Amino acid sequence: MSKSLKKYDVVIIGGGPAGLSAGIYTSRARLSSLLIEKGAVGGQIINAEKVENFPGFADGISGIDLTTAMHRQATNFGLETLSDEVTGIEVKGKEKVVKTPQGHFITKAIIIAGGSERQKLGVPGEKEYTGKGVSYCATCDGAFFRDKSVAVVGGGNSAVTEALELTRFASKIFLIHRRHELRATKILQEKLLADARIEVLWDTVVEEILGDTFVNQIGVKNVKTDKKALLDVAGVFVSVGSQPATGYLKGLLDLDAAGAVIAGDKLETGVPGIFAAGDIRSGSIRQVIAAAGDGAIAAVNAGKYIAE
Ligand SMILES: Cc1cc2nc3c(=O)[nH]c(=O)nc-3n(C[C@H](O)[C@H](O)[C@H](O)COP(=O)(O)OP(=O)(O)OC[C@H]3O[C@@H](n4cnc5c(N)ncnc54)[C@H](O)[C@@H]3O)c2cc1C
């Protein structure tokens, strides 16, 4: 049967911790539920080698193990998963239509849990060498850089986590940060600064990415001295922030100045029956525990909306 006209009680957009948690709750409540994920199920946290602050795992757990278990838990209750990208939503009275290239899905409620997308550096060579040395995910691509020199660009938790993850493979890691202070939490900073394979280049920006078939150098500049240099690296991991994945929601939902979805106490947006959960929600603290909590709240309230 074509999937294009299939009906669900709830469609969940995004398979990170927020969407997976929502899926556990809606499926367990016997609401027919479809989760649509455009990339890898698990969301951003699959980039974390070890999650140390999710309750219940005293010795930490990898992001992949954590979200694989969440997905299995939701699937056990009947959650369906589709690998596709949601490109639009149409509201027809109480009925909502979720649009993807594979088809349209009719649903009573929608939980938007699309998280955020990595920001680009925007320098020459970045686009050209993406997949040829430029990466946005150390967990996905780190193994390609065994015994090589690499650069990580950024200064927040994600960048520091990426640099630490790369110590498993690379022989040398430059962490390039445009300021003189990291934004990452103290515990991550301590780990980073204690690792002899990581060299932090403070007050430095990447100006260009160079190579032939693959990346072999980057041009950097110290913003205080204006001194320029070329670094020999085989890989560049870009970790300079993220923005809410709400491009397809403009005009339908209220977004804040950063593009995150504005939702009320019940995590319902201005459109009845459409809920927002996790990093995509305005005011989110952008942590797994909060995303999972949001997923549960949105799911319970979606159930109440449908029952009404
Ligand atoms: C390297 C790294 C380390 C981190 N470490 C920690 C940590 O130790 N502890 C912690 O609590 N948090 C950590 N975080 C933050 C944590 O990963 C996020 O807070 C959490 O993943 C947010 O979950 P989410 O479900 O809201 O969004 P996401 O995890 O971003 O998942 C959203 C999903 O939606 C999908 N999607 C988006 N738009 C669409 C669309 N239109 N159609 C279909 N699918 C779509 C995306 O592909 C993505 O898989 C880390 C993040 C990174 C990057």
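Description of the structure in this document. Remember, predicted model here, so these are calculated numbers, not experimental data.

### Some words on the packing of helix α1 (residues 17-28) against helix α6 (residues 288-307)
It is at 7 Å that the axes of α1 and α6 come closest, and there the two elements cross at 35 degrees. When the axes of α1 and α6 are compared, the crossing they make is right-handed. Each of P17, A18, S21, A22, Y25 and T26 in α1 lies in contact with α6, whose residues at this interface are V288, A291, A292, G295, A296, A299 and V300.

### Quick word on the packing of helix α4 (residues 157-166) against helix α5 (residues 186-193)
The N-to-C vectors of α4 and α5 enclose an angle of 35 degrees; their axes lie 10 Å apart at closest approach. The two elements α4 and α5 meet at a crossing, and its hand is left-handed. Side by side, α4 and α5 meet where N157, V160, T161, A163 and L164 of the first sit next to L188, K191 and L192 of the second. Its residues assigned to classes, the contact of α4 with α5 comprises five nonpolar, two polar and one charged.

### Looking at unusual backbone geometry
Its identity is not glycine, yet R30 carries a phi of approximately 65 degrees, on the positive side. Structurally, R30 is set in the loop between α1 and β2 (33-37).

### So, the sheet that holds strand β14 (residues 228-232)
As summarised here, the arrangement of the three strands in space is β12-β13-β14, forming an open sheet in which the pairing is antiparallel. Each having just a single partner strand, β12 (204-211) and β14 make up the two edges of the open sheet. Adjacent strand axes in the sheet meet at a mean angle of 25 degrees when their direction is disregarded. Pairing of β12 with strand β13 (residues 215-222), which is carried by seven bridges, proceeds in the antiparallel orientation.

### Section: the sheet that holds strand β9 (residues 149-153)
Pairing is parallel in the open sheet, where five strands are placed in the order β8-β15-β9-β10-β11. Because the sheet does not close on itself, it has two edges, and the strands there are β8 (134-135) and β11 (198-201). Here β9 runs beside strand β10 (residues 172-176); their pairing, made up of five bridges, is parallel. When the bridges of β10 are listed, V150 appears paired with I173. With respect to the sheet, α4 is in contact with β9, β10, β11 and β15 (235-238), its orientation differing from that of β9 by roughly 165 degrees.

### Brief notes about α4
Most of α4 is tucked away: seven of the 10 residues are buried. Within the sequence span of α4, burial applies to A159, V160, E162, A163, L164, E165 and L166.

### Details of the packing of aromatic side chains
Enumeration according to the criterion identifies three aromatic pairs in this entry. Between Y8 and F105, the aromatic rings sit 6.4 Å apart at their centres with planes inclined by 50 degrees, giving tilted as the arrangement. One end of the pair, Y8, is in strand β1 (residues 7-13); the other, F105, is in strand β6 (residues 103-112), with 97 residues separating them in the sequence. We classify Y8 as buried; its relative accessible area is 7%. Taking relative accessible area as the criterion, F105 reaches 1% and is therefore assigned buried. Each ring, one from F145 and one from F237, has its centre 5.4 Å from the other, and the planes form 75 degrees; the classification is edge-to-face. Here F237 lies in strand β15 and F145 lies in the loop between α3 (138-141) and β9, a separation of 92 residues in the sequence. On the accessibility criterion, F145 (8% relative accessible area) is buried. Classification of F237 by relative accessible area gives buried; the value is 0%. Sitting above the plane of the Y305 ring, K94 keeps its charged end 4.8 Å from the centroid.

What counts as what
- Residues numbered from 1 in each chain as written.
- Predicted model: local features only at pLDDT ≥ 70, side-chain atom pairs only at ≥ 80, totals over all residues.
- Heavy atoms only, no water.
- Axes fitted to C-alpha atoms, helices over the stretch in contact; angles between N-to-C directions.
- Helix = DSSP H or I, 4+ residues; strand = E, 2+ residues; numbered from the N terminus.
- Left-handed = near helix turned anticlockwise from the far one by under 90°.
- Contact = heavy atoms within 4.5 Å.
- Nonpolar A, V, L, I, M, F, W, Y, C, P; charged D, E, K, R; others polar.
- Pairing = 2+ DSSP bridges.
- Buried < 20%, exposed > 50% of the residue type's maximum accessible area, 1.4 Å probe, protein only.
- Phe/Tyr/Trp six-rings, centres within 6.5 Å; stacked < 30°, edge-to-face > 60°.
- Lys NZ or Arg CZ within 6 Å of the ring centre and 35° of its normal.

Everything listed here is a matter of coordinates, which is why it stays silent on function.
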